[in-house]
Amino acid sequence: MDTFRKQPTERLDYGVKTSTWMVSGDSITDTKVSIDDGALGLSVTANGLLAEVAGGNTNYPQIWVENGTDAVTYKLSVVMTMVSGRVKEHNFKVKVKDI
């Protein structure tokens, strides 16, 4: 699982690379995100971190992440649903560190 670092005041985007697993001809119809295994949504907040889906109906969804609590590592889960009915979950961590 990838871990990315950000400062509490930064607002950064993280792309989900789908080319390694998406079947040719398939496409994403819906994307949702959760933080630390919480509720899935287009925009979610947990322990000071905000995550929002952008480009959720494209084959390269972006997750915008802002704020967060210093010295906390968050697990983000991105769940994508395809036209074919496939559902793929991609996870990564964001470590917030004020430097």
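Relevant structure appears above.
Now for a quick tour of the structure. (Residues numbered from 1 in each chain as written. Predicted model: local features only at pLDDT ≥ 70, side-chain atom pairs only at ≥ 80, totals over all residues. Heavy atoms only, no water.)

In this section: the environment of Gln62. Structurally, Gln62 is set in strand 6 (residues 62-67). Accessibility expressed as a relative area gives 17% for Gln62, which makes it buried. Put simply, Gln62 and Lys17 are 45 residues apart on the chain and 9.4 Å apart in space, counted from C-alpha to C-alpha. Setting aside residues no more than four positions away along its own chain, Gln62 makes contact with Asp13, Tyr14, Gly15, Glu52, Val53 and Ala54. A distance of 2.6 Å separates a polar atom in the side chain of Gln62 from a polar atom in the side chain of Asp13. (Helix = DSSP H or I, 4+ residues; strand = E, 2+ residues; numbered from the N terminus. Buried < 20%, exposed > 50% of the residue type's maximum accessible area, 1.4 Å probe, protein only. Contact = heavy atoms within 4.5 Å. Polar contact = N/O pair within 3.5 Å; in protein donor to acceptor, adjacent residues only side chain to side chain.)

What follows covers the sheet that holds strand 4 (residues 43-46). Reading across the sheet, the four strands line up as 2-6-5-4 and stay open at both edges, with antiparallel pairing between neighbours. A single partner strand is all that each edge strand has here, and the edge strands are strand 2 (11-15) and strand 4. Each neighbouring strand pair of the sheet contributes to a mean axis angle of 20°, computed without reference to strand direction. Inspection of the sheet shows strand 2 paired to strand 6 by five bridges, in the antiparallel sense. Within strand 6, the position partnered with Tyr14 by the bridge is Ile63. (Pairing = 2+ DSSP bridges. Axes fitted to C-alpha atoms, helices over the stretch in contact; angles between N-to-C directions.)

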